[in-house]
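Per-entry structural report
So the chains spell out like this:
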Amino acid sequence: MAVKINTKYLSDFASDDEIGSIMPEVIAADRTLRDGTGKGADFRGWLALPDNYDREEYSRIKAAAEKIKKNCDVFVVIGIGGSYLGARAAIEFVKSPLYNNLKKDTPDIYFAGNGINSAYLNELISICEGRDVCINVISKSGKTTEPAIAFRIFREMLEKKYGEEGARDRIFITTDRKKGKLKELADEKGYETFVVPDDIGGRYSVLTAVGLLPIAVAGIDTDAMMNGAKKAMDYFATVSPEANDAFIYAACRNILYRKGKKTEIMVSYDPALAMMNEWWKQLYGESEGKDGKGLFPASVIFSTDLHSLGQYIQQGERTMFETVINILGDESPFVIPDDPNNIDEMNFISGKTLHFVNRNAFLATVISHSDGNVPNLILDLDGRSAEDFGYLVYFFELACAVSGYTLGVNPFDQPGVEGYKNNMYALLGKPGEEHEKRRSELKNRIY
């Protein structure tokens, strides 16, 4: 089993009896999810995805990845939110947060279109100079501001460098199956296209073409990743509720929320999980933060952040709890050398591995924070393999959907996101009566 929940450090805050008492609600939420009787039911495609995906497209993804690896030094992935976070999380989780600096036989991978900053784009363009470049644009509509701007810039760059015909073989589009401006452009120009599924929202889409193409370009075993997700899918669909780790996680989150905990901090002791934390924050924040409800998702990397946020967590407001991803395996052990002069007085750890020290930092911290009245949930994870990643993704997605229905919200929509988009369109001068009206309303509110 890739993920196992440990509630040892939660018993003072959410007892087994309390978990048992809320479990009927969690089971009902899971039934609502699987029966498709809840709000957002049209976006449950991820639920059966590990077994029910387009094999023909999957083969094309792997072939395209091989082509990109052969022809490119730099692969630029253009997308925002769920269109890039999952892929970046997977690459750093399985490979390294230093992926681009490692010796490897795969292209460097950079991400664009996830913000609006001229310095970042200029620096990325500078990195691409003198190197062969391919791009993957990920957008359902093609009209989202941030990736649309980045695509304009990189398409122009590729067409100037390779000509329109040469650029055609270096541009890959992941978009709607049939409609939208980006799909129209791809068909017109002859770009190879992959599908953003209609029944899977962006934050649940990492195991679709949205995430799989960049992941495959990084040389990660996507077969193993999908197998890990399928193992999770099969296990959670058949295991008894009281042994279902996704159910227990959803139950504990809701118990703590009802007791006044407002913030969940995702904790990792490996910097390779920093972007996994970011993906998790979008998944849970966008799924549950609505109708005046929801835990605020935050994240830290320990032990680094123990020297910055540790004081607050230990003795600040008691409105938070921690969920700790504890990686059990260590694939690259590093032994601490001995210092004959013992200048730092640390020879008591000579000969021990960094994993051993990290493990004890985790134990020391979880005990200390629990003593400080901060509930701690532990998610024991086997390792950082592609299979582990696929399993963990499915675990979080299932627990998120079940937790959202238990909370009483639609875990698949994000109506609040449209507010800033519509205001930005109006302020940028987008034509149309609706935007003009909004522009007039906003005029007196601008400082």
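Here, the structure is the one placed above.
Our subject in this report is the structure included herewith. (Residues numbered from 1 in each chain as written. Predicted model: local features only at pLDDT ≥ 70, side-chain atom pairs only at ≥ 80, totals over all residues. Heavy atoms only, no water.)

On to the pattern of salt bridges. Pairing between side chains becomes possible if they bear opposite charge and their charged atoms approach one another. A full pass over the atoms with the stated rule returns 28 salt bridges. A salt bridge links Glu18 to Lys259, with the nearest nitrogen and oxygen atoms 2.7 Å apart. With a gap of 241 residues between them, Glu18 in helix 1 (residues 16-35) and Lys259 in the loop between helix 9 (245-258) and strand 7 (263-268) connect regions that are remote in the sequence. Here Glu18 falls in the partly exposed class, since its relative accessible area comes to 29%. (Salt bridge = Lys/Arg side-chain N within 4 Å of Asp/Glu carboxyl O. Helix = DSSP H or I, 4+ residues; strand = E, 2+ residues; numbered from the N terminus. Buried < 20%, exposed > 50% of the residue type's maximum accessible area, 1.4 Å probe, protein only.)

Right, let's talk about empty space enclosed by the protein for a bit. Applying the stated rule across the entire model yields 1 cavity of 30 Å³ or more. Of the voids in this model, the largest cavity is the one considered here, and its volume is about 50 Å³. If you go around the largest cavity, the residues you meet are Arg253, Asn254, Tyr257, Glu288, Gly294, Leu295, Ser403 and Leu407. For the lining of the largest cavity, the secondary structure elements donating two or more residues are helix 9 and helix 13 (386-407). The biggest single contributor to the lining of the largest cavity is helix 9, with 3 residues. (1 Å grid on protein atoms, 1.4 Å probe; cavity = no way out; pocket = protein on both sides within 12 Å on 5 of 7 lines; lining within 4 Å. Points joined across faces, edges and corners; volume = space filled by probe spheres on them.)

What follows covers the nonpolar core. Ranked by size, the top nonpolar core spans 101 residues in total, and within it Trp46, Leu213, Tyr249, Trp279 and Phe396 carry the most contacts. Among the elements that line this core, the one with the most residues is helix 13, at 15 residues. Residues contacting Trp46, with those up to four places away along its chain left out, are Leu33, Asp199, Ile200, Tyr204, Tyr394, Glu397, Leu398, Ala401 and Phe412. (Core = buried A, V, L, I, M, F, W, Y, C linked by side-chain atoms within 4.5 Å. Contact = heavy atoms within 4.5 Å.)

Moving on: unusual backbone geometry. Residue Ser303 is reached from Phe302 by a cis peptide bond, and omega for that bond is 10 degrees. Within the secondary structure, Ser303 is located in the loop between strand 8 (296-301) and helix 11 (310-315). Backbone geometry places Asp291, a non-glycine residue, at a positive phi of 60 degrees. Its location among the elements puts Asp291 in the loop between helix 10 (274-288) and strand 8. If you check the backbone angles, Glu345 has positive phi at about 55 degrees while not being a glycine. When you line up the elements, Glu345 lands in the loop between strand 9 (320-327) and helix 12 (354-371).

What the rule picks out here adds up to 20 aromatic pairs. Ring centres of Trp46 and Phe412 lie 6.3 Å apart, and the angle between their planes is 45 degrees; this geometry places the pair in the tilted category. Taken together, the residues span a long stretch of sequence, with Trp46 in the loop between helix 1 and helix 2 (55-71) and Phe412 in the loop between helix 13 and helix 14 (417-427) at a distance of 366 residues. Judged on exposure class, the residue Trp46 and its partner Phe412 are both buried. Judged by centre distance (5.8 Å) and plane angle (75 degrees), the ring pair of Tyr269 and Phe362 falls under edge-to-face. With Tyr269 in the loop between strand 7 and helix 10 and Phe362 in helix 12, this pair connects stretches of sequence that are 93 residues apart. (Phe/Tyr/Trp six-rings, centres within 6.5 Å; stacked < 30°, edge-to-face > 60°.)

Right, let's talk about the state of the cysteines for a bit. Counted under the stated rule, the structure contains 1 disulfide. A sulfur-sulfur distance of 1.9 Å marks the disulfide that ties Cys72 to Cys134. On the criterion of sequence distance, the pair formed by Cys72 in the loop between helix 2 and strand 2 (74-78) and Cys134 in strand 4 (residues 133-138) is long-range, its members being 62 residues apart. Judged by its relative accessible area of 6%, Cys72 falls in the buried class. Cys252 takes part in no disulfide bond, and the closest cysteine sulfur to it belongs to Cys400, at a distance of 16 Å. Given the relative accessible area of 0%, Cys252 is considered buried. For Cys400, a relative accessible area of 0% puts it in the buried group. (Disulfide = S-S within 2.5 Å.)

Within the secondary structure, Asn376 sits in strand 10 (residues 376-381). Taking the relative accessible area as the measure of exposure, Asn376 reaches 2% and is therefore buried. Within the structure, Asn376 has its side chain in polar contact with the side chain of Glu322 (distance 3.1 Å). Separated by 3.0 Å, the side chain of Asn376 and the backbone oxygen of Val374 make a polar contact. Residues contacting Asn376, with those up to four places away along its chain left out, are Tyr9, Leu10, Glu322, Val324, Val366, His369 and Ser370. (Polar contact = N/O pair within 3.5 Å; in protein donor to acceptor, adjacent residues only side chain to side chain.)

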